[in-house]
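Commentary on secondary and tertiary structure
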There are 2 protein chains.
Amino acid sequence: MNNGPLDVVGIGNAIVDVLSHAGDEFLVRESLVKGSMALIDSARAETLYDSMGPAIEVSGGSAANTIAGLASFGGKGGFVGRVRDDQLGAVFSHDLRAMGVEFDVAPASEGPPTGRCLILVTPDAQRTLNTFLGAGADLGPNDVDESLIARAQITYLEGYLWDPPAAKEAFRKASKVAHAAGRKIAFSLSDSFCVDRWRQEFVHLAEHEIDVLFANEDEIKSLYQVDSFDEALQHVRGHCEIAALTRSEKGSVIVAGDEVHIIDTEPTDAVIDTTGAGDLYAAGFLYGLCRDHDLQTCGRLGSIAASEVISHMGARPESSLAQLSQERLGETA
Amino acid sequence: MNNGPLDVVGIGNAIVDVLSHAGDEFLVRESLVKGSMALIDSARAETLYDSMGPAIEVSGGSAANTIAGLASFGGKGGFVGRVRDDQLGAVFSHDLRAMGVEFDVAPASEGPPTGRCLILVTPDAQRTLNTFLGAGADLGPNDVDESLIARAQITYLEGYLWDPPAAKEAFRKASKVAHAAGRKIAFSLSDSFCVDRWRQEFVHLAEHEIDVLFANEDEIKSLYQVDSFDEALQHVRGHCEIAALTRSEKGSVIVAGDEVHIIDTEPTDAVIDTTGAGDLYAAGFLYGLCRDHDLQTCGRLGSIAASEVISHMGARPESSLAQLSQERLGETA
């Protein structure tokens, strides 16, 4: 049954988000760096959870959020990542499959539990992430089904994959299969601390493997170790076929060869929780690419998806992005 | 450490809510009665979950929601209910304890998993509940700690307790202990179908055991099998010391001997999800009683709490009810 063409396959850490409101003083007390993602072990996950306030659980994971967003636009997506056969694993799998996403990696029957990300949302709507990779840490090349990759126009991978030991091998396999099949590889730099950990490898990837690069302002500046956005822009222009650079309330900038587009943000009633903003921007952008839209429209689709996800708690869309984009763009999308 | 005075102890089913948006046609297809609570077994829970869209998980359970609301007002609460030692049980326990609620019933190490309620939220913000009691079905009198009940001004129980086989024995024990200690028993009729299942016992309780009764319009009409709210009102007046009757957008009516108060709803920006509206009304009302407020103020505190919880997905408050009630009522509360 699952053998038709796909728009995008995502490869990433399978994570359930545990979201709680917290004041700035909580971050100080727990030595957390606002806006960043920290990797934590099982013991730290337990003590931090104990000190957190009441929470809600929503499926997350950067690339998985992007694929969920793609599905909400009406795109056909697939996902590769590892959960365990526990309750959070069932939640994660349900939420992807309920959106029509192909997700066929069998859950592990032993080893660490399904990964989770403890997220503190401060009153300024910023999110601070603390990820226990759990079962996701065992992701490796054997989880990558070659026929799945070959069926997708684009394979999208998160930079966070460089943290689990074998996952970069999964990336390399996917990249080889995709390019051999005439397909494209998209990649997100994920987080400026992640860029810090893997800068040389990421620069190499940007020059040689990545067709579509996603990064926010901090990440792209960190990648090239420059102080200004414009310097980073000049560096990245020569590297990837397309780079989509997000700048929070300043919108986004898209660079592709000689083309440069500067896209404004979309209006929102209120910014509640910025978790998933970058993931959903990528969802809209990739959906647009797969539907052969021009780059300006791809950027607007990204902005529309990001504006929806920051208007509520959690990193998955709560409204139909297909409907929202039709309202905003008319028949264009 | 846990031996100081308490405002309210809740006894109820320990449930994690699984909330998903659904259209009216989904309810028709799945033969669900909008606005009601249906008990489902493990197999039905699985097939219904499979057909549901992506969801968020938030701690729930009617009496537990009320105790969480009480804690948000700044009240001291305790809870009695049964979870298993699984991931959803950990979520449920965390969310109560993180609000400062005493919850000391040890999780079961075998038997069915932690209970869950599959909730479909339709575009009219109505919620339709499908409860798999799971570990909660084993709640019994041995779970009721006599000293806990004696420490609380009010013990609050949900009508849903009549569904698990041994839980009504837990109610009877708690009622006996509370009244022997000069404390009060509050009770919610929970759901009109629940009233249908247990009408004679509930009428008996209202006449002989319950000091403070909570019911919505459908439930109180069902209890007395009458067609109009006013007829139900006349019946209940002679039965309980205090009855607080909620009427959705028409507000609430409070009856206590000769006193009758008609309380309007509080303004809300938007009604997103009515899950927990009754539970949170009870939270505000009981908090007011414990702080010796007059019945009008108790009703307004109930309305304030209900207005907060219907403004977002999930049945637990997302904002501080202490702060919200101070803004709305000034120094009164």
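Residues numbered from 1 in each chain as written. Chains lettered and ligands numbered in written order. Predicted model: local features only at pLDDT ≥ 70, side-chain atom pairs only at ≥ 80, totals over all residues.

The secondary structure content of chain A amounts to 13 helices and 13 strands. Computed over C-alpha atoms, the radius of gyration of chain A comes to 18 Å, within 12% of the 20 Å expected from 2.2 N^0.38 for 333 residues, which places it in the range of a compact globule. Across its three principal axes, chain A shows a C-alpha extent of roughly 50 × 45 × 40 Å. Across the 333 residues of chain A, 56% fall into the buried class. Once local pairs closer than 6 in sequence are excluded, the contacts in chain A between residues at least 24 apart make up 76%. (Helix = DSSP H or I, 4+ residues; strand = E, 2+ residues; numbered from the N terminus. Rg over C-alpha atoms; globule rule 2.2 N^0.38 Å. Buried ≥ 20, exposed ≤ 12 C-beta atoms within 10 Å, placed from the backbone. Contact = placed C-beta atoms within 7 Å.)

Once that is clear, we can look at the relation of the copies chain A and chain B. Each of the two chain copies goes to the other by way of a rotation about an axis and a shift along it. Between chain A and chain B, which share one sequence, the superposing operator has a rotation angle of 180° and an axial displacement of 0.0 Å; the RMSD is 0.0 Å. Given the turn and translation reported, the copies of this chain are related as if by a two-fold rotation axis. Identified as the residue of chain A closest to the rotation axis by C-alpha distance is A:Glu57, at 2.4 Å. Both copies share a contact surface, since 100% of the interface residues of chain A are interface residues in chain B too. (Least-squares fit on C-alpha atoms with pLDDT ≥ 70 in both.)

Bringing the sheet that holds strand E9 (residues 184–188) of chain A into the picture now. Residue and element names in this part refer to chain A. Read from one edge of the open sheet, eight strands run E5-E1-E8-E9-E10-E11-E12-E13, paired in mixed fashion. Pairing within the sheet leaves two strands with one partner each, and these edge strands are strand E5 (77–80) and strand E13 (259–263). Strand after strand, the sheet turns through a mean of 15° between neighbouring axes, direction not considered. By the bridge criterion, five bridges tie strand E12 (residues 252–256) to E13 in an arrangement that is antiparallel. Each bridged residue has a counterpart across the sheet, and for Val-255 the counterpart in E13 is Val-260. (Pairing = 2+ DSSP bridges. Axes fitted to C-alpha atoms, helices over the stretch in contact; angles between N-to-C directions.)

The buried fraction of helix H4 (residues 87–97) of chain A amounts to nine of the 11 residues, a majority that puts the element mostly inside the structure. Among all positions in H4(A), only A:Gln87, A:Leu88, A:Gly89, A:Val91, A:Phe92, A:Ser93, A:His94, A:Asp95 and A:Leu96 are buried.

The next point concerns the interface of chain A and chain B. Contacts between chain A and chain B engage 19 residues on the former and 19 residues on the latter. Contributions of two or more residues to the side of chain A that touches chain B are made by strand E4 (56–59) and H4 of chain A. The biggest single contributor to the side of chain A that touches chain B is H4(A), with five residues. For the side of chain A that touches chain B, the per-class residue count stands at 10 nonpolar, five polar and four charged. By the bridge criterion, three bridges tie E4(A) to strand E4 (residues 56–60) of chain B in an arrangement that is antiparallel. Its bridge partner being in E4(B), A:Ile56 is matched across the sheet by B:Val58. (Nonpolar A, V, L, I, M, F, W, Y, C, P; charged D, E, K, R; others polar.)

Residue and element names in this part refer to chain A. One way to put it is that helix H3 (residues 62–72) packs onto helix H11 (residues 277–290) with a least axis distance of 8 Å and a crossing angle of 45°. With respect to H11, the axis of H3 lies oblique. In this structure, H3 crosses over H11, and the sense of that crossing is right-handed. Only Asp-279, Leu-280, Ala-282, Ala-283, Gly-284, Leu-286 and Tyr-287 of H11 make contact with H3, whose side of the interface consists of Ser-62, Asn-65, Thr-66, Gly-69 and Leu-70. Its residues placed into classes, the contact of H3 with H11 shows six nonpolar, five polar and one charged. (Parallel < 35°, antiparallel > 145°, perpendicular 65-115°, else oblique. Left-handed = near helix turned anticlockwise from the far one by under 90°.)

Here the focus is the packing of helix H9 (residues 217–224) of chain A against helix H10 (residues 229–237) of chain A. Packed helix pairs are characterised by how far apart their axes lie and by the angle those axes make with each other. Residues and elements named next belong to chain A. Packing of H9 against H10 brings their axes to within 9 Å, and their N-to-C directions diverge by 65°. The orientation of H9 relative to H10 falls into the category roughly perpendicular. Judged by the twist between their axes, the crossing of H9 over H10 is left-handed. Residue-level contacts link Glu-217, Ile-220, Lys-221 and Tyr-224 of H9 to Phe-229, Glu-231, Ala-232, His-235 and Val-236 of H10. Classifying every residue of the contact of H9 with H10 by side-chain character gives five nonpolar, one polar and three charged.

All names here are of chain B. On the basis of which strands lie adjacent, the open sheet formed by eight strands has the order E5-E1-E8-E9-E10-E11-E12-E13 and mixed pairing. Strand pairing shows two members of the sheet lacking a second neighbour, strand E5 (77–80) and strand E13 (259–263), which therefore form its edges. Across the sheet, the mean angle from the axis of one strand to that of its neighbour is 15°, orientation sign disregarded. Direction of pairing for strand E9 (residues 184–188) relative to strand E10 (residues 212–216): parallel, over a ladder of three bridges. From the neighbouring strand, Phe-187 faces E10, where its bridge partner is Leu-213. Here helix H9 (residues 229–237) sits on the sheet and contacts E10, strand E11 (242–246) and strand E12 (252–256); the angle it forms with E12, its principal contact strand, is near 30°. Packed onto the sheet, helix H11 (residues 295–309) meets E11, E12 and E13 and runs at close to 30° relative to E13.

Judged by nonpolar contacts, the single largest core of 212 residues is most densely connected at A:Val8, A:Ile11, A:Leu286, B:Val8, B:Ile11 and B:Leu286. Beyond its immediate sequence surroundings of up to four residues, B:Ile11 is in contact with B:Ala63, B:Val80, B:Gly81, B:Val144, B:Thr155, B:Leu157, B:Leu161, B:Ala170, B:Phe171 and B:Ala174. (Core = buried A, V, L, I, M, F, W, Y, C linked by C-beta atoms within 7 Å.)

On to the confidence of the model for chain A. Within chain A, residue pLDDT values average 94, and 98% of them lie at 70 or more. Here the complex is predicted with pTM 0.87, and the ipTM for its interfaces comes to 0.79. (pLDDT = per-residue confidence, 0-100.)

Attention now moves to H11(A). All names here are of chain A. Across its 14 residues, H11 extends 20 Å between first and last C-alpha, which sits within 8% of the 20 Å expected from 1.5 Å per residue. The element H11 is extensively covered by neighbouring structure, given that 14 of its 14 residues are classed as buried. Just past H11, the residue Asp-292 takes up positive phi, approximately 60°. (Expected span 1.5 Å × (residues − 1).)

Let us now look at the environment of A:Val253. Residues and elements named next belong to chain A. By the secondary structure assignment, Val-253 is in strand E12. Val-253 gets classed as buried once you count the C-beta atoms within 10 Å, which come to 22. Put simply, Val-253 and Gly-299 are 46 residues apart on the chain and 8.1 Å apart in space, counted from C-alpha to C-alpha. Val-253 has contacts with Leu-233, Leu-245, Arg-247, Val-260 and Ile-262, leaving out every residue within four places of it along the chain.

Residues and elements named next belong to chain B. By secondary structure assignment, the location of Ala-180 is in helix H6 (residues 167–180). Using a count of 11 C-beta atoms within 10 Å as the deciding quantity, one classes Ala-180 as exposed. For the pair formed by Ala-180 and Ala-150, sequence separation is 30 residues and the distance between their alpha carbons is 8.5 Å.

What follows covers unusual backbone geometry. Keep in mind that most residues, glycine aside, have a negative phi and that most peptide bonds are trans. Residues and elements named next belong to chain B. If you check the backbone angles, Ser-190 has positive phi at about 75° while not being a glycine. Here Ser-190 shows up in the loop between E9 and helix H7 (192–208). Here Ser-248, not a glycine, exhibits a phi torsion of approximately 50°, which is positive. If you trace the backbone, Ser-248 turns up in the loop between E11 and E12.

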